[in-house]
Amino acid sequence: VQLQASGGGSVQAGGSLRLSCAASGVIFSYYGIGWFRQAPGKDREFVAAINWSGGNTVYSDSVKGRFTMSRDNAKNTVYLQMNSLKPEDTAVYYCAADSGRLSSPRSRPTDYDAWGQGTQVTVSS
């Protein structure tokens, strides 16, 4: 599976961005998709994940209520709508694919089989 993340950019605190993750080379609806982020000098951390059908999502506590993840299997694309952005959201955001086809999305990087290249999000105060 190949993943292409896009939609990053620079915004002021309180602003919004929508990230996209486009997949190719697979039956997209078989895969759960997760978003992770990594800030300079920090470990990669879980942000959000959606299961293969789009019926279940999970979010980290740090983004819950501000970020919304969705998917369009007809377009082989997953979205991460990010609202009320904060400077601490600044990081490179990665999408990843989980072939487990589980009802409940997973949150550990080791659960994911393939990774996109990342897109930079910068939030200024």
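Everything below is about the structure shown above.
Scope of this entry: the structure provided in the associated data block. (Residues numbered from 1 in each chain as written. Predicted model: local features only at pLDDT ≥ 70, side-chain atom pairs only at ≥ 80, totals over all residues. Heavy atoms only, no water.)

### A few points about the overall build of the protein
Phase 1: Secondary structure summary: the protein contains zero helices and eleven strands in total.
Phase 2: Taking 2.2 N^0.38 as the reference for a compact globule, 125 residues should give roughly 14 Å; the C-alpha atoms of the protein span a radius of gyration of 13 Å, in line with that estimate.
Phase 3: With respect to the principal axes defined by its C-alpha atoms, the protein has extents near 40 × 25 × 25 Å.
Phase 4: Here the protein holds 125 residues, and the buried ones make up 42% of them.
Phase 5: Restricting the contact set of the protein to residue pairs at least 6 apart, pairs at least 24 apart contribute 59%.
Phase 6: A total accessible area of about 6000 Å² is found for the protein, and carbon and sulfur atoms account for 45% of it.
Phase 7: Taking the 12 positively charged and 9 negatively charged side chains of the protein as two groups, their mean positions are separated by 4 Å. (Helix = DSSP H or I, 4+ residues; strand = E, 2+ residues; numbered from the N terminus. Rg over C-alpha atoms; globule rule 2.2 N^0.38 Å. Buried < 20%, exposed > 50% of the residue type's maximum accessible area, 1.4 Å probe, protein only. Contact = heavy atoms within 4.5 Å. Areas by Shrake-Rupley, 256 points an atom, 1.4 Å probe, with all protein chains shown as cover. Lys, Arg positive; Asp, Glu negative; His and termini not counted. Charge placed at Lys NZ, Arg CZ, Asp CG, Glu CD.)

### A word on the pattern of salt bridges
Phase 1: Per the stated rule, a full pass over the model turns up seven salt bridges.
Phase 2: A salt bridge links Asp98 to Arg106; the nearest nitrogen and oxygen atoms lie 2.8 Å apart.
Phase 3: A residue is classified by how much of its surface remains accessible, and Asp98, at 5% relative accessible area, is buried.
Phase 4: Taking the relative accessible area as the measure of exposure, Arg106 reaches 27% and is therefore partly exposed.
Phase 5: Measuring nitrogen to oxygen at the nearest pair gives 3.0 Å for the salt bridge that ties Asp111 to Arg108.
Phase 6: Several salt bridges converge on common partners, so that one network encompasses Arg37, Glu45, Arg66 and Asp89. (Salt bridge = Lys/Arg side-chain N within 4 Å of Asp/Glu carboxyl O.)

### What to know about the side chain of Ser20
Phase 1: With respect to the element layout, Ser20 can be found in strand 3 (residues 17–24).
Phase 2: Not counting the four nearest positions on each side in its chain, Ser20 is found in contact with Gln4, Ala5, Ser6, Trp35, Thr77, Val78 and Tyr79.

### Re the packing of aromatic side chains
Phase 1: Scanning the model with the defined rule gives four aromatic pairs in all.
Phase 2: Ring centres of Phe36 and Tyr112 lie 5.2 Å apart, and the angle between their planes is 80°; this geometry places the pair in the edge-to-face category. Placement of Phe36 in strand 4 (residues 32–38) and of Tyr112 in the loop between strand 9 (91–98) and strand 10 (114–115) is noted, with a sequence separation of 76 residues between them. Grouping residues by exposure puts Phe36 and Tyr112 together as buried.
Phase 3: When the centroid spacing of 5.0 Å and the interplanar angle of 50° are considered together, the rings of Phe36 and Trp115 count as tilted. Of this pair, Phe36 sits in strand 4 while Trp115 sits in strand 10, and the two are 79 residues apart along the sequence. (Phe/Tyr/Trp six-rings, centres within 6.5 Å; stacked < 30°, edge-to-face > 60°.)

### Details of the side chain of Asp89
Phase 1: For Asp89, the position within the fold is in the loop between strand 8 (77–82) and strand 9.
Phase 2: Each residue touching Asp89, except ones within four places of it in the same chain, is listed here: Arg37, Arg66, Phe67, Ser84, Val121 and Val123.

Structural measurements only, silent on function.
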